[in-house]
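# Structure assessment
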Amino acid sequence: DSGVTQTPKHLITATGQRVTLRCSPRSGDLSVYWYQQSLDQGLQFLIQYYNGEERAKGNILERFSAQQFPDLHSELNLSSLELGDSALYFCASSPTARLNYGYTFGSGTRLTVV
Amino acid sequence: DQQVKQNSPSLSVQEGRISILNCDYTNSMFDYFLWYKKYPAEGPTFLISISSIKDKNEDGRFTVFLNKSAKHLSLHIVPSQPGDSAVYFCAAPQGGSEKLVFGKGTKLTVNP
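Residues numbered from 1 in each chain as written. Chains lettered and ligands numbered in written order. Predicted model: local features only at pLDDT ≥ 70, side-chain atom pairs only at ≥ 80, totals over all residues. Heavy atoms only, no water.

### Here's the deal with the overall build of chain B
Of the regular secondary structure elements, chain B holds zero helices and eleven strands. Each helix (α) and strand (β) of chain B, taken in turn from the N terminus, gives the series β-β-β-β-β-β-β-β-β-β-β. Whereas a compact globule of 112 residues would reach a radius of gyration of roughly 13 Å, chain B reaches 13 Å, a difference of no more than 12%. C-alpha atoms of chain B, sized along the principal axes, occupy 40 × 30 × 20 Å. Taken over 112 residues, chain B has a buried fraction of 45%. Nonlocal contacts in chain B, meaning residues at least 24 apart in sequence, comprise 54% of its contacts between residues at least 6 apart. With the model as given, the accessible surface of chain B reaches about 5,400 Å², and the carbon-plus-sulfur share is 49%. Between the averaged position of the 12 positive side-chain charges in chain B and that of its 10 negative side-chain charges there is a distance of 5 Å. (Helix = DSSP H or I, 4+ residues; strand = E, 2+ residues; numbered from the N terminus. Rg over C-alpha atoms; globule rule 2.2 N^0.38 Å. Buried < 20%, exposed > 50% of the residue type's maximum accessible area, 1.4 Å probe, protein only. Contact = heavy atoms within 4.5 Å. Areas by Shrake-Rupley, 256 points an atom, 1.4 Å probe, with all protein chains shown as cover. Lys, Arg positive; Asp, Glu negative; His and termini not counted. Charge placed at Lys NZ, Arg CZ, Asp CG, Glu CD.)

### Section: the interface of chain B and chain A
Chain B puts 18 residues into the contact, and the matching count from chain A is 22 residues. Summed over both partners, the interface of chain B with chain A buries about 1,600 Å², with 59% contributed by carbon and sulfur atoms. At the boundary of chain B and chain A, one finds zero salt bridges. At the surface where chain B touches chain A, the tally comes to three residue pairs in polar contact (both at pLDDT 80 or more). Breaking the side of chain B that touches chain A down by element, the ones donating at least two residues are β4 (32-38), β5 (45-51) and β10 (100-102) of chain B. Counting residues per element, the side of chain B that touches chain A draws most heavily on β4(B), at four residues. (Buried area = accessible area lost by both parts, 1.4 Å probe. Salt bridge = Lys/Arg side-chain N within 4 Å of Asp/Glu carboxyl O. Polar contact = N/O pair within 3.5 Å; in protein donor to acceptor, adjacent residues only side chain to side chain.)

### Quick notes on the packing of aromatic side chains
Overall, the coordinates contain 16 aromatic pairs over all chains when judged by the stated rule. Between the aromatic rings of Y35(A) and Y103(A), the centroid separation amounts to 5.8 Å while the plane-to-plane angle is 50°, which identifies the pairing as tilted. On the criterion of sequence distance, the pair formed by Y35(A) in strand β4 (residues 31-37) and Y103(A) in the loop between β9 (87-94) and β10 (104-105) is long-range, its members being 68 residues apart. Here Y35(A) and Y103(A) have matching classes, each one buried. Put simply, the rings of Y33(A), Y35(A), F45(A), F90(A), Y103(A), F105(A), Y36(B), F46(B), F89(B) and F102(B) pair up and form one aromatic cluster. One residue, R55(A), lies across the ring of Y50(A), its end atom 5.1 Å from the ring centre. (Phe/Tyr/Trp six-rings, centres within 6.5 Å; stacked < 30°, edge-to-face > 60°. Lys NZ or Arg CZ within 6 Å of the ring centre and 35° of its normal.)

### Notes on the pairing of strand β8 (residues 72-77) of chain B
All names here are of chain B. Most of β8 sits inside the fold, with five of its six residues counted as buried. With six bridges connecting them, strand β7 (residues 62-67) and β8 associate as antiparallel partners. Bridge assignment links T63 to a residue of β8, and that residue is H76. Hairpin remark: β7 followed by β8, antiparallel, with four residues in the connecting loop; positive phi at K71, about 50°. (Pairing = 2+ DSSP bridges.)

### Comments concerning the environment of A70(B)
For A70(B), the position within the fold is in the loop between β7 and β8. Separated by 44 residues in the primary sequence, A70(B) and T26(B) place their C-alpha atoms 9.7 Å from one another.

### Description of the nonpolar core
Judged by nonpolar contacts, the single largest core of 24 residues is most densely connected at F33(B), W35(B), L73(B), L75(B) and Y88(B). For this core, the secondary-structure elements that each account for two or more residues are β3 (19-25), β4, β5, β7, β8, β9 (86-93) and β11 (106-111) of chain B. A total of four residues in this core trace back to one element, the largest contributor, which is β9(B). Beyond its immediate sequence surroundings of up to four residues, Y88(B) is in contact with Q6(B), L21(B), W35(B), Y36(B), K37(B), L47(B), L75(B), I77(B), G105(B), T106(B) and L108(B). Residues V19(A), W34(A), A87(A) and C91(A) belong to the second largest nonpolar core, which totals 20 residues. (Core = buried A, V, L, I, M, F, W, Y, C linked by side-chain atoms within 4.5 Å.)

### Topic: the environment of T96(A)
Topologically, T96(A) is positioned in the loop between β9 and β10. Judged by relative accessible area, which is 35%, T96(A) ranks as partly exposed. Here the alpha-carbon distance between T96(A) and N51(A), two residues 45 residues apart in the chain, equals 9.6 Å. Ignoring any residue separated from it by four or fewer positions in sequence, one finds T96(A) in contact with Y33(A), Y50(A) and E98(B).

Structural data, given as structure tokens:
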């Protein structure tokens, strides 16, 4: 158990629908990162929050949004889902800006859009 | 534009032999590099890192080598064990930020 909790583990939904993925960071970590891993792709950075504020943005679609709550958990909202959004979505956390030891990843949410 | 590239999607080695996983990068401004290991149905786990001011970092059976002139790094696993079978990703922080850029990964299979 990495200490980063992601729910749900699996999600199957239809095109056009909206889903929310949840992430609880490791205790004491202030930064939360969201990554997408599609088939045959590496991990693509979506967005980062630090202590409740958006800190960095990657190639995140306008249909996607995220937030980090006062208790530091984060949610990634995916709307108007398309087949191509099917992927593994990983959340990671880190204590501060120092990354010499890397993030701690959760086990991911597998989203299947049918 | 893929800044971190792992050109070998897979590698198969015998138990006890050396595994060498390679990674090339295009951005000479990366401050350090990281290797992650990922088992099926799990998230990636941090394995080892190396600062751009070093050319080698060792941790037990794992050693990472950095060749800045060639913009190339490699991860050596000696001796390889069946439990090392996983997908290995190299990564680097982009632009002084906390955003990590990942390669597409190399699937290592260590055969008993």
